[in-house]
Amino acid sequence: MELIPRLDARRSQRLQGKERAISDAILKAEVMRRKWYHRLDLGNGVVTPGLKWEELWNNTRQIRGGIDYINKTVLDLGSWDGMWAFEAEALGASIVVASDCINHWHFPWHQGMGNQLLVREALYSDIIPMWNVPPTNLRHRLDVMLPSHPGLKRGFDIVQHLGLLYHLRDPMLSLAQARAVLRDGGTLLLETAVHRLDTASAMHFNSGGKAIYDDFTTWWAPSLPCLREMLGASLFTVVKERLSYVSDASPICRAAVQATAVAPRDVVGERYNLDPGLGHGFGDHLIGRLPYNDPQSPNSLEAYYDQRFPAHLRERPEPEA
Ligand SMILES: C[S@@+](CC[C@H](N)C(=O)[O-])C[C@H]1O[C@@H](n2cnc3c(N)ncnc32)[C@H](O)[C@@H]1O
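Owing to the predicted nature of the structure, the values given are computational and were not obtained by experimental measurement.

### Here we look at the environment of Val96
So, point 1. Residue placement: Val96 occurs in strand β2 (residues 95-100).
So, point 2. A relative accessible area of 4% means that Val96 is categorised as buried.
So, point 3. Between the C-alpha atoms of Val96 and Phe156, which are 60 residues apart in sequence, the distance is 9.4 Å.
So, point 4. Apart from residues no more than four positions distant in its own chain, Val96 is found in contact with Val74, Ala85, Ala88, Glu89, Ile127 and Ile128.

As structure tokens, then:
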């Protein structure tokens, strides 16, 4: 399998000879009028002039190589021009939903999802662009569509959370929300900035948009142990990880991670973590899957409190006569 799947298979099937030549010329002119983030090869030499970030993107593709996309349902977050959504479709996904929420009034060089819509038409793609869906509010915003398709009822098979975590003020909230729209056993493909020199579990704050590196859109860079633990605390287990952009010039590099969504577990603390009333961001359907606490069980909350607050801490001394 090629690292980058071919995107223009349907275009080549549907358009041939003169028709294709004319359509390519029109497409190329439109492509060149716009600003692009992703470099997308639309066939016959029509390539969107995006950034040259192949090292970063190929690192994610290396991790993605271990994931089966055939007939899978995929949610692509922060999709922008849609490279990862179109590639998911080309890899055989049956449903691809692509979401984003930034527009040109936030950043003049951002085309919203406009470029993605152009490419969708050009490729005869079936991806479903969903505009204005923030990664911190997925469950609520997607609840209108998830129950409407048998393939989505239990959640997506794959969530692509790429180049996004460090942009978010509340990264844990977005991980909980990603978990809340994945089925148990589903796959998270994550790519983010990490602090590679810190071996402790620590989150580095990009204070003033400058402390870690000069980028006002970056809030955080976790150390690798911290990223793993954040995923663990969000009902994921890490399967594989791979670094890119490792350089002596900076403590920050990038990590691509494959993680599996684990089912809510009957362990002390999970009900607290999943409680929608406490604002941890898992939505309100995961908690309903936990069995109620059995006071007789050695794993019960009663046993936990007896151990955590032994009798001598709870008993008030008798007042002296
Ligand atoms: C670095 S680009 C990554 C694009 C694509 N996912 C990739 O990995 O190639 C960041 C994406 O996240 C979105 N984004 C940036 N800041 C965000 C924020 N605070 N909340 C939600 N989305 C944000 C942008 O619209 C953009 O699509």
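### Notes on helix α4 (residues 83-90)
So, point 1. Judged by how many residues are buried, α4 sits mostly within the fold: seven of eight residues are covered.
So, point 2. Buried within α4 we find Met83, Trp84, Ala85, Phe86, Glu87, Ala88 and Glu89.
So, point 3. In the core, the buried residues of α4 are packed alongside α1 (9-14), α3 (54-64), β1 (73-77), β2, α5 (114-122) and β4 (156-162).
So, point 4. Looking one or two residues beyond α4, the residue adopting positive phi is Gly92, at roughly 115°.

### A look at the site of the ligand
So, point 1. Around the ligand, a shell composed of 18 residues is seen, among which His38, Gly78, Trp84, Asp100 and Leu162 lie nearest.
So, point 2. Between the ligand and Leu162, the relevant distance is 2.8 Å, taken from a nitrogen atom to a main-chain nitrogen or oxygen of the residue.
So, point 3. Here a nitrogen atom of the ligand sits 3.3 Å away from a polar atom, N or O, in the main chain of His167.
So, point 4. Out of a free accessible area of 580 Å², the ligand has 86% covered by protein chains.

### Quick look at unusual backbone geometry
So, point 1. Positive phi values are uncommon outside glycine, yet Asn44 reaches one of about 50°.
So, point 2. Its relative accessible area of 57% is what places Asn44 among the exposed residues.
So, point 3. Positive phi, close to 55°, is recorded for Tyr124, a residue that is not glycine.
So, point 4. In this structure, Tyr124 sits in the loop between α5 and β3 (128-131).

Calculation notes
- Residues numbered from 1 in each chain as written.
- Predicted model: local features only at pLDDT ≥ 70, side-chain atom pairs only at ≥ 80, totals over all residues.
- Heavy atoms only, no water.
- Helix = DSSP H or I, 4+ residues; strand = E, 2+ residues; numbered from the N terminus.
- Buried < 20%, exposed > 50% of the residue type's maximum accessible area, 1.4 Å probe, protein only.
- Contact = heavy atoms within 4.5 Å.
- Near = heavy atom within 4 Å.
- Polar contact = N/O pair within 3.5 Å; in protein donor to acceptor, adjacent residues only side chain to side chain.
- Areas by Shrake-Rupley, 256 points an atom, 1.4 Å probe, with all protein chains shown as cover.

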